[in-house]
Amino acid sequence: AWMSVSVLSQYPYTISYFNELSHDAASRRWALSDSNIDWGHGLPALRRWCLRNHVKLIHLSLFGGDPHFRYFPDRENMVDLVAPPWNDEVARGLVLTPEPGIWVISVSLLSGQFWEPKYRDYYRAFQQREPDEVVAGSLLVYRIH
C-alpha cells in the first residue's frame, strides 16, 4: 500500500521518481542523468510554477524534445532560452557564467556527459550547489544573486 501511494503521489512525473528509501536527491539526480530521468516532460509544471511564483523571466537550459514555446509563448517574453553547449556557435564560452536571475536547468545537462571534453564543466556554477527548488523531478531551479 505504501509503495502504491508513494508512486501515485508523483503522477504524472513518475519518470523522475525515486522511492523514499533511496539515497538523497542530489545523488539520485547524478545516478540517472539522461533520458532515464528527464525527457523535458516538466514544462507544464514549470509554467504553473512560474505563474504561482509571479516569475517574469527565467533563463532556461532544457533537455528533451518538448518545445518550450508550447507553454511559454514568445509574446510573453518569460524565457531566455540558453542553448546547451552542443557546439562552439551556441555555447556561451567554455563555462557558463550565469547573470543574476532565476535559472532553470534540466538535470540531464549538468553532468556534462553529452559535450565535447572542453565543455564538460559548462554548468559548473550549478553543479557546485544544490538547487533552490526542483520542478517535476527534473527541472532544477536556481536563484542567482
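Below you will find a few notes about this structure. (Residues numbered from 1 in each chain as written. Predicted model: local features only at pLDDT ≥ 70, side-chain atom pairs only at ≥ 80, totals over all residues. Heavy atoms only, no water.)

Points about the overall build of the protein
Here is step 1: Helices and strands together make up the secondary structure of the protein, namely five helices and five strands.
Here is step 2: For the protein, the succession of helices and strands along the chain, N to C, is α-α-α-β-β-β-α-α-β-β.
Here is step 3: Relative to its full complement of 145 residues, the protein shows a buried share of 42%.
Here is step 4: Taking contacts inside the protein between residues at least 6 apart in sequence as the whole, the part at least 24 apart equals 60%. (Helix = DSSP H or I, 4+ residues; strand = E, 2+ residues; numbered from the N terminus. Buried < 20%, exposed > 50% of the residue type's maximum accessible area, 1.4 Å probe, protein only. Contact = heavy atoms within 4.5 Å.)

Topic: the sheet that holds strand 4 (residues 133-135)
Two modes of strand pairing occur in sheets, parallel and antiparallel, and in both the strands are linked by backbone hydrogen bonds.
Here is step 1: Pairing in this open sheet of five strands is mixed, and the strands run 2-1-3-5-4 from one edge to the other. The open sheet is flanked by strand 2 (79-81) and strand 4, the only strands paired with a single partner. This sheet shows a mean twist of 30° between the axes of neighbouring strands, independent of strand direction.
Here is step 2: Bridging between strand 3 (residues 101-106) and strand 5 (residues 139-144) involves six bridges; their strand directions are antiparallel. Residue pairing for strand 5: Trp103 is matched across the bridge by Tyr142. (Pairing = 2+ DSSP bridges. Axes fitted to C-alpha atoms, helices over the stretch in contact; angles between N-to-C directions.)

Considering the environment of Ala45
Here is step 1: You can see Ala45 is positioned in helix 3 (residues 43-52).
Here is step 2: Placed 90 residues apart in sequence, Ala45 and Val135 show a C-alpha to C-alpha distance of 6.7 Å.

Some thoughts on the nonpolar core
Here is step 1: Residues Leu46, Ile58 and Phe72 are the most contacted members of the largest nonpolar core, which totals 19 residues.
Here is step 2: At five residues, the largest contribution of residues to this core is made by helix 3.
Here is step 3: What Ile58 contacts, discounting residues up to four positions off in sequence, is Leu46, Cys50, Phe72, Met78, Val79, Asp80, Ile102 and Val104.
Here is step 4: Among the nonpolar cores identified, the runner-up in size contains 17 residues, and Val82, Ala91, Trp103 and Ile105 belong to it. (Core = buried A, V, L, I, M, F, W, Y, C linked by side-chain atoms within 4.5 Å.)

Examining unusual backbone geometry
Here is step 1: Its identity as a non-glycine residue notwithstanding, His54 has a phi of 55°, on the positive side.
Here is step 2: Within the secondary structure layout, His54 lies in the loop between helix 3 and strand 1 (58-61).
Here is step 3: Within the chain, Asn77 stands out as a residue other than glycine whose phi angle is a positive 55°.
Here is step 4: By secondary structure assignment, the location of Asn77 is in the loop between strand 1 and strand 2.
Here is step 5: On the basis of relative accessibility, which here comes to 59%, the residue Asn77 falls in the exposed class.

Thoughts on the pattern of salt bridges
Here is step 1: Applying the stated criterion across every chain yields a total of seven salt bridges.
Here is step 2: For the salt bridge of Arg47 with Glu76, the shortest nitrogen-to-oxygen distance reads 2.4 Å. In this pair, Arg47 sits in helix 3 while Glu76 sits in the loop between strand 1 and strand 2, placing the two residues 29 residues apart along the sequence.
Here is step 3: Judged by its relative accessible area of 17%, Arg47 falls in the buried class.
Here is step 4: Residue classification places Glu76 among the partly exposed residues on the basis of a relative accessible area of 30%.
Here is step 5: Here Asp80 makes a salt bridge to Arg92, at a shortest N to O gap of 3.4 Å. Here Asp80 is found in strand 2, whereas its partner Arg92 is found in the loop between strand 2 and strand 3, with 12 residues between them in sequence.
Here is step 6: Residue class for Arg92 comes out partly exposed when judged on its relative accessible area of 38%. (Salt bridge = Lys/Arg side-chain N within 4 Å of Asp/Glu carboxyl O.)

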